[in-house]
Amino acid sequence: MALLQISEPGKATNPHEHRLAVGIDLGTTNSLIATVRSGEARVLLDEEGRSLLPSVVRYRADGEPQIGYPALAAAINDPMNTIASAKRMIGRKTADIKSLRDQLPYNFDDESANVPRIITADGPRSAIEVSAEILTVLKKRAESALGGDLGGVVITVPAYFDDAQRQATKDAAKLAGLNVMRLLNEPTAAAVAYGLDQGSEGIYAIYDLGGGTFDVSILRLNRGVFEVLATAGDSALGGDDMDRLIAEWLLDNINDESLSHNSRFLRQAMAAARTAKEALTEKTSTNISLDLPDGSIRDITLDRTTMEGIIAPVIDKTLLPCRRSLRDAGLDKKDIDGIVMVGGSTRVLSVKDKVENFFAKKLFTDVDPDQVVAIGAAIQADILIGNSSADDMLLLDVIPLSLGIEIMGAMVEKIIPRNATIPVTRAQEFTTYKDGQTAMSIHVVQGERELVSDCRSLARFELRGIPPLAAGSARIKVSFQVDADGLLSVTAREATTGIETQVDVKPSYGLTDEEIEQMLRDSIAFADEDIQARLLAEQRVEAEQVILAIQSALDSDGEKFLNENERADLLHGINKLKEISASEHTEKIKQAVSDLNQLSEVFAARRMDASIRSVMAGHNINEFSE
Amino acid sequence: MQTTFENNFFDLFGIDRSYTLDRHLLRDRFRDLQKKFHPDNFASASEQERRLSAQYAAHINEAYTTLSDPMQRGRYILSLHGIDIDEEQDTRMDPEFLMQQIELREELDTAESSVEALSSLSDKVNDEFSKREASIAGILDNTPALDSELDTARHLVRELQFLTRMRSEIEQAEEALF
């Protein structure tokens with residue numbers, strides 16, 4: 001068989017063009033942004049040379065919100081309007097954060113049907129909007145440091161984030177005007193930062209304990225492939241919980257019941273607890289000074305051993321996911337070559353001790369645990385945007401929680417099991433349970449438990465127009481597709497009629513597209529900008545990218561896979577889009593982009609198919625030579 | 001249009017169509033394929049190519065998952081012989097196997113609170129699992145297999161399904177202990 005020379009599809013960007021790409025670690029406590037410059041990934045600093053941006057936003061009745069350090073400084077005096085730890089609330093419904101709400105000083109807007117909102121001096125605000133403010137500040141930081149618009153970003157999320165939390169994070173990025181190329185799991189990002197740095201091979205556990213989330217991932221590193229074997233965690237467990245336990249201990253010590261309802265004092269106690277916790281990584285004992293409401297000052301001494309006793313429950317709680325991830329990976333502790341420690345909370349000495357004891361293996365702590373995730377994200381962003389070659393690196397990640405649908409008896413039928421490598425597509429057939437049933441309600445859930453009520457409800461939709469048949473005769477095929485971001489879309493199809501319903505699973509309690517659009521219009525970030533002009537500009541950029549991708553594919557493979565007429569059609573489509581792009585009609589450009597994409601379908605399919613055949617042919621040749 | 005999806009999983013990875021397989025070779029081939037087709041390689045490609053790459057990558061993942069797992073691999077090879085285990089009307093099981101299952105289940109009930117008992121039960125189940133893997137390999141890797149032999153293989157794969165379920169219940173019991 002003659003072997004065709006085929007250039008790789010996808011590598012279609014102009015090699016001379018360096019586009020700006022950044023990685024963002026949107027953290028519970030602090031956020032960071034990093035980029036690759038001259039082949040090296042670095043965290044970008046603010047005007048005062050600081051890398052961290054406290055993930056805190058203070059809303060004010062008159063004036064723009066304060067974000068970062070100024071907001072943090074104001075938190076004690078204005079606790080009700082200063083929102084911290086928004087990441088613990090993002091993508092969760094009001095009922096989910098009930099226990100969390102009891103710990104927080106905010107007033108929640110209970111009227112809101114879908115997304116919990118905090119009532120601030122500047123109106124009700126959701127965690128998505130708070131996150132968008134933080135992202136906007138980071139975006140501006142990058143644009144001024146790099147001197148241009150950002151082409152694309154990679155945002156990290158806890159590996160254990162479910163579909164709703166991932167979708168909400170993506171919505172926040174959209175609000176901030178960012179083009180998200182990928183949502184990357186935090187432990188995987190950390191592994192990238194470490195792996196490429198040290199050229200390691202073997203099996204590693206990434207232990208990532210942040211301010212409000214905990215993840216553990218087991219990865220196999222081999223020849224530049226980062227294969228996540230299993231992941232587990234708790235998306236509401238972190239350093240915040242240690243601070244809260246220490247603050248409760250302080251309150252017990254002062255023994256004044258009225259203080260536990262004083263939100264200003266609680267904020268102060270939490271801040272003091274964190275300072276003490278941090279101090280005790282260096283010292284064996286520290287003094288805590290609290291201003292009481294009556295104007296007096298109370299000094300309390302906390303020693304390291306006492307603190308370790310107080311926070312032990314939080315650390316012990318992280319060991320269960322460690323066990324589960326090992327089991328899911330089919331491995332034993334002895335198979336692990338090392339533990340990478342990530343997240344600010346791993347600075348706590350007893351965290352290191354307990355993790356080291358548990359795995360009985362060496363801990364890697366050489367990269368700054370605050371920065372390592374953003375750095376890994378920047379490396380991935382640089383590859384995705386086409387600045388550096390992907391040949392040396394591949395990330396194979398997994399879905400953290402099983403996906404399924406509700407069946408009779410409020411039970412869950414799992415369709416995709418947890419720890420399946422993404423992207424993944426899986427289908428299952430279901431049938432009607434009543435004679436003549438013409439509609440079927442499909443309820444998508446995520447979680448490990450058998451009962452629907454114990455899992456997270458992601459979406460409900462209806463498939464209508466099923467032909468009336470005897471119970472059990474209709475065949476309804478439900479397909480789940482999880483993309484490389486870990487986001488789900490669902491299609492249902494009735495086999496005899498071919499009736500199809502497709503939903504991109506927007507969490508039942510997430511923001512609707514209309515709400516996001518409205519927020520975009522309202523948001524301060526765009527107040528001084530004509531929204532129409534912005535949409536037009538974005539559409540033009542997209543048109544340009546499509547033209548570039550298809551043109552360069554044509555240049556390299558056009559004659560191989562297309563006949564003269566097909567080539568002429570595609571070229572015509574490209575020219576048409578170029579022409580329309582010069583106009584001011586956003587909608588028409590959008591249509592032309594979609595038309596050109598349609599037109600290129602056959603070409604794309606032939607290229608991909610040839611490519612996979614060439615890889616398979618390569619295998620066979622290898623076998624002869626082996 | 002004919003697509004590569006019609007290729008069987010073994011051909012996709014360029015490995016022999018046999019139950020016994022070289023897991024390292026399979027893993028290497030899997031990585032080679034994903035290095036080409038994972039959506040990360042297509043972040044700046046046209047929408048059609050991005051969509052196709054996601055489909056290909058999902059297909060490669062499915063093929064890898066299927067061939068990596070001894071039970072799923074057996075089921076898959078039988079399906080290449082035209083035998084669909086899930087659709088099969090004949091659901092009879094070997095009475096001896098069923099008796100043994102009942103015993104193992106009773107053992108699980110009494111072992112639930114003891115790490116040692118669960119671990120010895122787990123060894124027993126793994127042992128039964130391995131025995132069947134060997135028998136299945138003996139049949140499926142001997143071409144051409146007779147219809148009656150394939151029927152035996154079908155029963156053995158179904159038994160692997162039972163044992164797989166048993167394994168996960170033991171794991172759940174172990175997890176509950178911590």
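Residues numbered from 1 in each chain as written. Chains lettered and ligands numbered in written order. Predicted model: local features only at pLDDT ≥ 70, side-chain atom pairs only at ≥ 80, totals over all residues.

Student: Please explain the overall build of chain A as it appears in this structure.
Tutor: When helices and strands are tallied, chain A shows 15 helices and 28 strands. Along the first, second and third principal axes, the C-alpha atoms of chain A reach 85 × 65 × 60 Å. Each of the 626 residues in chain A was classed as buried or not, and the buried ones make up 45%. For chain A, contacts bridging at least 24 residues in sequence account for 69% of all contacts bridging at least 6. (Helix = DSSP H or I, 4+ residues; strand = E, 2+ residues; numbered from the N terminus. Buried ≥ 20, exposed ≤ 12 C-beta atoms within 10 Å, placed from the backbone. Contact = placed C-beta atoms within 7 Å.)

Student: Could you clarify how one ought to interpret the overall build of chain B in this entry?
Tutor: When its secondary structure is counted, chain B shows 7 helices and 0 strands. Ordered by position in the sequence, the α and β elements of chain B form the string α-α-α-α-α-α-α. Seen through its C-alpha atoms, chain B measures out along the principal axes to roughly 60 × 45 × 30 Å. Here chain B, with 178 residues, has 36% of them falling under the buried criterion.

Student: Just to check I follow, could you spell out helix α2 (residues 23–37) of chain B for this structure?
Tutor: Over its 15 residues, α2 of chain B extends 21 Å from the first C-alpha to the last, a length consistent with the 21 Å expected when each residue adds 1.5 Å. Within α2 of chain B the residues assigned to the buried category are Arg 29, Phe 30, Arg 31, Asp 32, Leu 33, Gln 34, Lys 35, Lys 36 and Phe 37 of chain B. (Expected span 1.5 Å × (residues − 1).)

Student: Quick question: what am I supposed to make of the interface of chain A and chain B here?
Tutor: For an interface, size is often stated in terms of accessible area lost upon the parts coming together. Across the boundary between the two partners, chain A contributes 43 residues, which contact 36 residues of chain B. Sorting the residues of the side of chain A that touches chain B by element identifies α8 (304–328), α10 (372–384), β20 (394–396), β23 (424–430), α12 (531–561) and α15 (601–625) of chain A as the ones contributing at least two each. For the side of chain A that touches chain B, the element with the most residues is α15 of chain A, which contributes 13 residues.

Student: Explain the domain arrangement of chain B here, please?
Tutor: If you check the domain split of chain B, you get domain 1 (4–68) and domain 2 (95–177). In this structure, domain 1 of chain B and domain 2 of chain B have C-alpha centres spaced 30 Å apart. (Domains from an automatic or database assignment.)

Student: Would you mind going over the sheet that holds strand β15 (residues 225–234) of chain A with me for this structure?
Tutor: Two pairing modes exist for strands in a sheet, parallel and antiparallel, and in both the strands are linked by backbone hydrogen bonds. All names here are of chain A. Pairing is mixed in the open sheet, where 6 strands are placed in the order β19-β18-β13-β14-β15-β20. The sheet is open, and its two edges are formed by β19 (363–364) and β20, each paired on a single side. Pairing of strand β14 (residues 214–222) with β15 involves 9 bridges; the strand directions are antiparallel. Paired with Leu 219 across the bridge in β15 is Val 228. Across the sheet, α8 is in contact with β13 (202–209), β14 and β15; its angle to β15 comes to roughly 140°. (Pairing = 2+ DSSP bridges. Axes fitted to C-alpha atoms, helices over the stretch in contact; angles between N-to-C directions.)

Student: Help me out: how do you make sense of the domain arrangement of chain A in this one?
Tutor: The assigned domain composition of chain A is domain 1 (239–310), domain 2 (403–514) and domain 3 (532–611). Computed from C-alpha coordinates alone, the two centres of domain 1 of chain A and domain 3 of chain A are separated by 61 Å.

Student: How do you make sense of the environment of Lys 35 of chain B when you look at a structure like this?
Tutor: Tracing the sequence through the fold places Lys 35 of chain B in helix α2. Expressed as a C-alpha distance, the spacing of Lys 35 of chain B and Leu 118 of chain B, which sit 83 residues apart in the sequence, is 41 Å.

Student: I'm lost on the sheet that holds strand β25 (residues 456–463) of chain A in this one. Help?
Tutor: Residues and elements named next belong to chain A. Reading across the sheet, the 4 strands line up as β22-β21-β24-β25 and stay open at both edges, with antiparallel pairing between neighbours. The open sheet has two free edges, formed respectively by β22 (411–416) and β25, since each of these has just one partner strand. The mean inter-strand angle of the sheet, taken between neighbouring strand axes irrespective of direction, is 30°. Note: strand β24 (residues 440–446) against β25, 7 bridges, orientation antiparallel. Considered in β25, the bridge of Gln 446 is made with Arg 456.

Student: It is not clear to me how the packing of α8 of chain A against helix α9 (residues 349–359) of chain A should be interpreted in this structure. Could you clarify?
Tutor: Working note: a packed helix pair is described by the angle between its axes plus the distance between those axes. All names here are of chain A. Close contact between α8 and α9 brings their axes to 10 Å; oriented N to C, the two are set at 35°. With respect to the hand of their crossing, α8 and α9 are arranged in right-handed fashion. In contact with Glu 308, Ile 315, Leu 319 and Cys 322 of α8, α9 contributes Ser 350, Val 351, Lys 354 and Phe 358. A breakdown of the residues in the contact of α8 with α9 according to their chemical character gives 5 nonpolar, 1 polar and 2 charged. (Left-handed = near helix turned anticlockwise from the far one by under 90°. Nonpolar A, V, L, I, M, F, W, Y, C, P; charged D, E, K, R; others polar.)

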